[in-house]
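As a plain string of letters, each chain reads:
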Amino acid sequence: MLTTLAACDSTRDGTRGNPPSTATQRAYDRATGSPATPADGTRGNPSGTAAERALDRAAGTDTSGAYPSQRDGTRGNPPGTAAERAYDRATGSNTSGANPARR
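Since the structure is predicted, the reported quantities are computational estimates derived from the model, not experimental observations. (Residues numbered from 1 in each chain as written. Predicted model: local features only at pLDDT ≥ 70, side-chain atom pairs only at ≥ 80, totals over all residues. Heavy atoms only, no water.)

1. Describing the overall build of the chain
Here is step 1: Each helix and strand in the chain was counted, giving four helices and zero strands.
Here is step 2: Within the span of the chain, comprising 103 residues, buried residues form 17% of the whole.
Here is step 3: Of the contacts made within the chain by residues no fewer than 6 positions apart, 5% connect residues no fewer than 24 positions apart. (Helix = DSSP H or I, 4+ residues; strand = E, 2+ residues; numbered from the N terminus. Buried < 20%, exposed > 50% of the residue type's maximum accessible area, 1.4 Å probe, protein only. Contact = heavy atoms within 4.5 Å.)

Structural data, given as structure tokens:
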């Protein structure tokens, strides 16, 4: 039950009551004599997991929070998916939200 509660805790990593990194990472740091892994979202430990960041790099998304410039609706990534925008171009609609002048 404690594991479940810990997983639901929304306290930011590195704040009082939630030390930087994960318990597993802290144990690894202690076992290997490595310096403590910094809090999530800092220069030495960007937001999200390595797997989430890899997905973001491959898909051009911002699931991890480490790539805000890739968020939906930014200059480099207009609203909607590529499929929705293609549909909009083909039908003259605005399903994606990328073409507000169209209805």
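2. Side note on the environment of N99
Here is step 1: On the secondary structure map, N99 appears in the segment after α4 (82-91).
Here is step 2: Along the primary structure N99 and P78 are separated by 21 residues, whereas in three dimensions their C-alpha atoms are 9.5 Å apart.
Here is step 3: In this structure, N99 is in contact with D88, S93 and N94, ignoring residues within four places of it in sequence.

3. Describing the side chain of D88
Here is step 1: Topologically, D88 is positioned in helix α4.
Here is step 2: Overall, D88 belongs to the buried group, its relative accessible area being 0%.
Here is step 3: Here the side chain of D88 touches S93 through a polar contact of 3.0 Å, side chain to side chain.
Here is step 4: Beyond its immediate sequence surroundings of up to four residues, D88 is in contact with S93, N94, T95, S96, G97, N99 and R102. (Polar contact = N/O pair within 3.5 Å; in protein donor to acceptor, adjacent residues only side chain to side chain.)

4. Looking at the confidence of the model for the chain
Here is step 1: Taken residue by residue, the chain gives an average pLDDT of 76. The fraction at 70 or more is 81%.
Here is step 2: Helix α1 (residues 2-8) is the least confidently modelled element of the chain, averaging 49 in pLDDT, while α4 averages 86, the highest of any element.
Here is step 3: Under a pLDDT of 50 for its full length, residues 1-5 has, in the predicted model, zero contacts with residues more than four places off or in other chains. (pLDDT = per-residue confidence, 0-100.)

5. What about the side chain of R85?
Here is step 1: Inspection of the secondary structure assignment puts R85 in helix α4.
Here is step 2: For R85, a relative accessible area of 17% gives the class buried.
Here is step 3: Residue contacts for R85: discarding those within four places in its chain leaves N77, P78, P79, G80, S96 and A98.

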